[in-house]
Amino acid sequence: MASVKPLIFLSSLLVIFLTQNSGGEVLKLWCIADSQMPADVLQRAMDWACEFGGANCTMTQEGQPCYLPNTLKDHASYAFNSYYQRFKSQADSCVFGSAAMVTETDPSHDSCIFERLPWSD
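Keep in mind that this is a model prediction, so the values were computed, not measured.

Thresholds, definitions, all that
Residues numbered from 1 in each chain as written. Predicted model: local features only at pLDDT ≥ 70, side-chain atom pairs only at ≥ 80, totals over all residues. Heavy atoms only, no water. Helix = DSSP H or I, 4+ residues; strand = E, 2+ residues; numbered from the N terminus. Buried < 20%, exposed > 50% of the residue type's maximum accessible area, 1.4 Å probe, protein only. Contact = heavy atoms within 4.5 Å. Areas by Shrake-Rupley, 256 points an atom, 1.4 Å probe, with all protein chains shown as cover. Disulfide = S-S within 2.5 Å. Phe/Tyr/Trp six-rings, centres within 6.5 Å; stacked < 30°, edge-to-face > 60°. Polar contact = N/O pair within 3.5 Å; in protein donor to acceptor, adjacent residues only side chain to side chain.

**Regarding the overall build of the chain**
Check the secondary structure of the chain and you find 3 helices and 2 strands. Evaluated residue by residue, the chain yields a buried proportion of 33% over its 121 residues. Residue pairs at least 24 apart in sequence account for 74% of intrachain contacts in the chain once pairs closer than 6 positions are excluded. Of the roughly 7,600 Å² of accessible surface on the chain, a fraction of 58% belongs to carbon and sulfur atoms.

Right under this line is the structure:
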């Protein structure tokens with residue numbers, strides 16, 4: 001039986017390669033909700049990220065900096081990005097059943113700062 005370690009290593013290298021610009025610099029990337037997805041799909045994906053995936057969703061609770069705007073898309077984007085930043089070395093860390101996508105545009109707004117952890121972590 002073939003070892004899984006070489007596959008994980010190659011997958012990690014591919015992710016790093018695909019996230020560098022032509023100058024070899026690592027791109028700044030965030031994971032956000034795809035606004036074209038139905039609300040029920042976004043809700044299920046966000047629930048998974050917050051309850052089982054390890055995303056930090058406390059910042060989207062009422063009274064916290066990322067509560068407003070109080071929309072499913074905004075809260076899901078924060079949750080998806082939180083998960084993505086922790087597991088971005090995995091090729092499928094910003095998929096969420098096709099409910100999310102990677103962006104180079106920082107989604108932070110007002111006092112809501114979307115984290116961006118370095119690749120070297």
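Next comes the rest of the write-up.
**Topic: the state of the cysteines**
Defined simply, a disulfide is a covalent bond joining two cysteines at their sulfur atoms. Considering all chains together, one arrives at 3 disulfides under this definition. Cys 31 shares a disulfide with Cys 94; S-S distance 2.0 Å. When the S-S torsion is 90°, as for the bridge of Cys 31 with Cys 94, the disulfide is right-handed. Here Cys 94 lies in the loop between α3 (72–87) and β2 (100–103) and Cys 31 lies in strand β1 (residues 30–33), a separation of 63 residues in the sequence. Across this residue pair, the class does not change: Cys 31 and Cys 94 are buried. One disulfide bridge connects Cys 50 with Cys 57, the sulfur atoms lying 2.0 Å from each other. Because the torsion about its S-S bond is -90°, the bridge between Cys 50 and Cys 57 counts as left-handed. Classification of Cys 50 by relative accessible area gives partly exposed; the value is 29%. Residue classification places Cys 57 among the buried residues on the basis of a relative accessible area of 13%. If one numbers only the bonded cysteines of the chain, in the order they occur, the disulfide pattern is 1-5, 2-3, 4-6.

**Section: the packing of aromatic side chains**
Following the criterion strictly, the structure yields 6 aromatic pairs and no others. Taken together, a centroid distance of 5.3 Å and an interplanar angle of 65° make the contact between Trp 48 and Tyr 83 edge-to-face. Residue Trp 48 is found in helix α2 (residues 39–51), and its partner Tyr 83 is found in helix α3; the two are separated by 35 residues along the sequence. Residue classification places Trp 48 among the partly exposed residues on the basis of a relative accessible area of 38%. For Tyr 83, a relative accessible area of 12% corresponds to the buried category. Here the aromatic rings of Tyr 83 and Phe 96 are separated by 5.3 Å at their centres, their planes lie at 75°, and the arrangement is edge-to-face. With Tyr 83 in helix α3 and Phe 96 in the loop between α3 and β2, this residue pair connects regions lying 13 residues apart in the sequence. A network of ring pairs unites the aromatic residues Trp 48, Phe 80, Tyr 83, Phe 87 and Phe 96 as a single cluster.

**A look at the side chain of Asn 81**
In this structure, Asn 81 sits in helix α3. Separated by 3.0 Å, the side chain of Asn 81 and the backbone nitrogen of Cys 31 make a polar contact. Sequence-distant contacts of Asn 81, that is, excluding residues within four places in its chain, are made with Trp 30, Cys 31, Phe 114 and Glu 115.

Distances and angles like these do not, on their own, reveal function.
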